[in-house]
Amino acid sequence: MIHLSVLRDSSMLLSEENIYMLCKELTRVGVADPMGSDLYVVFISNEEKKIPLWHQKASNSDEGFICWDYHVICIQVKRNKGEILDLVWDLDSDLPFPSPFNQYVSDAIRPLAFGDSIYRRLFRVVHAPLFLQSFASDRSHMKNPAGNWIQLPPNYDPIMAADGTANNLNEYIAMSVEDVANLESMVNDVYSNKHGVVVNESILTRFFSQLPGLHP
C-alpha cells in the first residue's frame, strides 16, 4: 500500500484538514480516481459531541479507546465483480492503513454495548469531489477565548472553499438524529448535497454497500 507517513504523523487536532489533504494525495498518486469519485469524507460526531472510538493513537488505553468530540475519516468505495472491497483511511488509527471497511467497523467503531444513549455515533458522509470544493476552515476552533493558539497551526494557508467561504467546519460537525433520512434518498442525495448526508449506526454498513464503486 501507499506510504503516507508525512500525513499520518500530522497533528490530530486537525483531522478534517488532514483528511482533506489525504484525499488530494490519494487522487494525485493514482490510488484513488483522479476526480476522487470513489472517496467519501466521513465526519463522526453526535448531538453531545461525545463519540467513542477504539484503536486511536491518541489513547492511553490498551485497546486505544478514546471519546472524541468529532473525528474525520475517509472511506474508499471499490467493487470488483460484485465483491465489496471498501477501505477506511484513518490517519489517527493504529489499525492497518488503510483498513478493510468491515474490520474498521468491527474494531474501531464497535457496536455500543449500552445501546441507544448519548454516545450513539452519527456519520456525515460527504462525496469527496463536493468536499474538496466546499470545505473551508479558518482554524478559529484552535484558539482559546483570548484569541491565542492552543497549538500552533500547520504552516500552510487555511483551506478556503471554491466560492470564497472562509469557514464552514461547524456545518459538517453539527448533526442530530433528525438529520437521518430514508436510505434510498440518502444514497442519491450524497452526490448533490455539499454537506453530504447523515447516517446512523444501524444503516452505516448498508449505506456504503449500496454506493457505486470503481474497479480496483
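Placed above this text is the structure.
As a starting point, this report considers the structure included with it. The structure presented is a predicted model; accordingly, all values stated were derived computationally and were not measured.

Examining the overall build of the protein chain
And step 1. The secondary structure content of the protein chain amounts to seven helices and 10 strands.
And step 2. Since a compact globule built from 216 residues should have a radius of gyration of about 17 Å, the 17 Å found for the protein chain is in line with a globular shape.
And step 3. Judged by the C-alpha coordinates and their principal axes, the protein chain covers about 55 × 40 × 35 Å.
And step 4. The burial tally for the protein chain puts 46% of its 216 residues in the buried class.
And step 5. By sequence separation, contacts in the protein chain at least 24 residues apart represent 66% of the contacts at least 6 residues apart.
And step 6. Put simply, the protein chain shows about 10500 Å² of open surface, and 52% of that area lies on carbon and sulfur atoms.

Some remarks on the environment of Asn102
And step 1. On the secondary structure map, Asn102 appears in helix H3 (residues 101-109).
And step 2. Sequence separation between Asn102 and Val88 is 14 residues; the distance between their C-alpha atoms is 9.0 Å.

A few points about the packing of aromatic side chains
And step 1. For the structure shown, the criterion picks out 13 aromatic pairs.
And step 2. Taken together through their ring pairs, the aromatic side chains of Tyr20, Phe43, Phe131, Phe135 and Tyr172 make up a single cluster.

What counts as what
Every chain's residues receive numbers from 1 upward, in the order its sequence appears when written. Only residues with pLDDT of 70 or above have their local features reported here, since the model is predicted, and side-chain atom pairs are shown and tallied only from 80 upward, although totals for entire chains, interfaces and linings are computed over all residues. In computing side-chain values, all of the structure's heavy atoms are included and hydrogens and water are not. Labels follow the DSSP assignment, with helices taken as runs of H or I lasting at least four residues and strands as runs of E lasting at least two, numbered in each case from the N terminus. The globule rule is 2.2 Å times the number of residues to the power 0.38, and the radius of gyration it is compared with is taken over C-alpha atoms. Partly exposed residues are those whose accessible area sits between 20% and 50% of the maximum for their type, while under 20% is buried and over 50% is exposed, using a 1.4 Å probe and protein chains only. What makes two residues a contact is simply this: any of their non-hydrogen atoms within 4.5 Å. A 1.4 Å probe and the Shrake-Rupley method give the accessible areas. Residues count as covered only by the protein chains that appear here. Within 6.5 Å between ring centres, the rings of Phe, Tyr and Trp (the latter by its six-membered ring) count as paired, and their orientation is classed by plane angle as stacked under 30 degrees, edge-to-face over 60, tilted in between.

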